[in-house]
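Summary of the model geometry
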Amino acid sequence: MKKEKSPQFDLDEIIAKYRPIVSFRVKKSLGSHTPDWEDVVNEIMVNVLEKLNKGEFRGDSSIGTFIFTITSRRIIDFIRQKSKVLKYAPEPNPYLSPFENIENKERAELTANAIEKLKPKYKKILYLYYYKELSREEVAQKLNISPRRVSERVNYAQKLLRKMIKK
Amino acid sequence: MKKCKHEDLIDDYLLNKLSEEKKQEFEAHYFNCPVCFEKMAERDEILTAIKYKGHTIFQDLEREKGTDRVPLLEQIWTFFTPKQWVLAAATAAVLLVVVLNIVPNLKTESPQFFINDDLVRGGSIKLISPVITVDAVPSQFRWESLGEDVEYKIEIYNHELLWSATTTNNYISLPPEIKERMVAGEKYSWQVKAFSGEGTLIAVSSKVQFPVTK
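Reading the values: the criteria
- Residues numbered from 1 in each chain as written.
- Chains lettered and ligands numbered in written order.
- Predicted model: local features only at pLDDT ≥ 70, side-chain atom pairs only at ≥ 80, totals over all residues.
- Heavy atoms only, no water.
- Helix = DSSP H or I, 4+ residues; strand = E, 2+ residues; numbered from the N terminus.
- Expected span 1.5 Å × (residues − 1).
- Buried < 20%, exposed > 50% of the residue type's maximum accessible area, 1.4 Å probe, protein only.
- Arc of directions from axis to C-beta.
- Contact = heavy atoms within 4.5 Å.
- Buried area = accessible area lost by both parts, 1.4 Å probe.
- Salt bridge = Lys/Arg side-chain N within 4 Å of Asp/Glu carboxyl O.
- Polar contact = N/O pair within 3.5 Å; in protein donor to acceptor, adjacent residues only side chain to side chain.
- Phe/Tyr/Trp six-rings, centres within 6.5 Å; stacked < 30°, edge-to-face > 60°.
- Lys NZ or Arg CZ within 6 Å of the ring centre and 35° of its normal.
- Axes fitted to C-alpha atoms, helices over the stretch in contact; angles between N-to-C directions.
- Parallel < 35°, antiparallel > 145°, perpendicular 65-115°, else oblique.
- Left-handed = near helix turned anticlockwise from the far one by under 90°.
- Nonpolar A, V, L, I, M, F, W, Y, C, P; charged D, E, K, R; others polar.

1. Focus on helix H2 (residues 37-53) of chain A
One full turn of an α-helix is made of 3.6 residues, so residues set three or four places apart face in the same direction. Residues and elements named next belong to chain A. Taking 1.5 Å of rise per residue, 17 residues should cover 24 Å, and H2 covers 24 Å from first to last C-alpha, within 8% of that figure. All of the buried residues along H2 are Trp37, Val40, Val41, Ile44, Met45, Val48 and Leu52. Take H2 and look down its axis: the buried residues cluster within an arc of 135°, on one side only. Two residues or fewer after H2 comes Gly55, characterised by a positive phi angle close to 80°.

If you want it as structure tokens, here you go:
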């Protein structure tokens, strides 16, 4: 009987491509102030590599969906474990700074400086949309423009910031 | 940067505005869509900087906010559309007309009478007799009692005051010398005023005519 061959992967490429995505998802789900988030990411990546090596990925779905499923399961397990352990433990401080490393802090400073230098109309849209967290429709009403225009202006502000930060 | 149809969900995802179902769908999507992930990671950096540095970045806009309030008049004006304002004004005008026409008619008028050309408001005394044409000069004048401790002042007029007297009863007999002065064919009138124990005018009757025919 002919053995079904699992697809071949460049594992380094997979790690390079999916580690940032998995990190983002884990940080978003657990909060970047959770000290264990990097350990969780490492566990997921190891698990992904093991499963790929064992040939558990048969190409029924995309590799992205395969890694997404492993990530989701690990996050759920982590939350379950933590809720058992932390049931009687004191509440952790939820207001820790997200800039736990210097690189992040410098990048945030850079982005903040760039936002300050934006033209008033772009700065105001970021203020209303991201800082005040108004909906597109509310921002549109406040600035007397269409909701579509709000999205366009936010996108353009992002483009400007990208250019300013890369300089 | 290429455009993906899901990228409109990026902001709502980052700001936790998606339902649990949509959130899961979008998470599964960005594991397969480098365009959305790249854009989201970049936008997350902006959002993080704004969330933690916003109070300094937007200092000027926060200060402006205090003075940026829409004036009260403008708020009132923009509350309705011009068409609604016209309708509201017309309704108010109709209501005003209705109220001004109906309310005065609903009001119970207090009795008004004249004494020596002065307008007096107060209670009224009902005269009993004589109140119509009489055949002979009446000997007694009678009116409705207002209770105890009331003093009545009766006045009989021809063209001018003919006789005046006071009593605590609700009737009085005409003295013979006055009766003699009243002749048939003349028109007389009478009026009663009531005073309280302290001498305050509390009620006045209307002035009633009683022509004497014989």
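2. Notes on the interface of chain A and chain B
At the junction of the two partners, chain A supplies 42 residues and chain B supplies 44 residues. Between chain A and chain B, roughly 3,900 Å² of surface is buried when both sides are summed, and carbon and sulfur atoms account for 58% of that area. Considering only the side of chain A, the residues that lose the most area to chain B are Phe24, Tyr130 and Tyr131 of chain A, jointly responsible for 18% of the buried surface there. Counting the contacts that link chain A with chain B gives 7 salt bridges. The interface formed by chain A and chain B contains 24 residue pairs in polar contact (both at pLDDT 80 or more). Going through the elements one at a time, helix H1 (11-30), helix H3 (63-85), helix H4 (102-117), helix H5 (120-131) and helix H7 (147-166) of chain A are the ones with two or more residues in the side of chain A that touches chain B.

3. Comments concerning the packing of aromatic side chains
Inspection of every chain in the model, using the stated rule, returns 19 aromatic pairs over all chains. Between the aromatic rings of Tyr131 of chain A and Phe58 of chain B, the centroid separation amounts to 5.5 Å while the plane-to-plane angle is 45°, which identifies the pairing as tilted. Here Tyr131 of chain A is found in helix H5, whereas its partner Phe58 of chain B is found in the loop between helix H3 (34-57) and helix H4 (59-67) on a different chain. Residue Phe58 of chain B is classed as buried on the basis of its relative accessible area of 0%. The structure contains a cluster of three or more aromatic residues connected by ring pairs, namely Phe24 and Phe68 of chain A together with Tyr13, Phe26, Tyr30, Phe31 and Phe37 of chain B. The ring of Tyr13 of chain B has Lys28 of chain A lying over it, and the distance from NZ or CZ to the ring centre is 5.0 Å. Just above the ring of Tyr157 of chain B sits the side chain of Lys207 of chain B; from NZ or CZ to the centre is 3.8 Å.

4. Comments concerning the packing of H1 of chain A against H2 of chain A
Residues and elements named next belong to chain A. In contact at an axis separation of 9 Å, H1 and H2 are set at 140° when each is read in the N-to-C sense. Between H1 and H2, the angle is such that the two are oblique. Here H1 and H2 pass one another in a crossing that is right-handed. Only Trp37, Val40, Val41, Asn42, Ile44, Met45, Leu49, Leu52 and Asn53 of H2 make contact with H1, whose side of the interface consists of Leu11, Ile14, Ile15, Tyr18, Arg19, Val22, Ser23, Val26, Lys27 and Leu30. Considered class by class, the residues forming the contact of H1 with H2 number 14 nonpolar, 3 polar and 2 charged.

Honestly, that's just the spatial picture; any functional story needs more than this.
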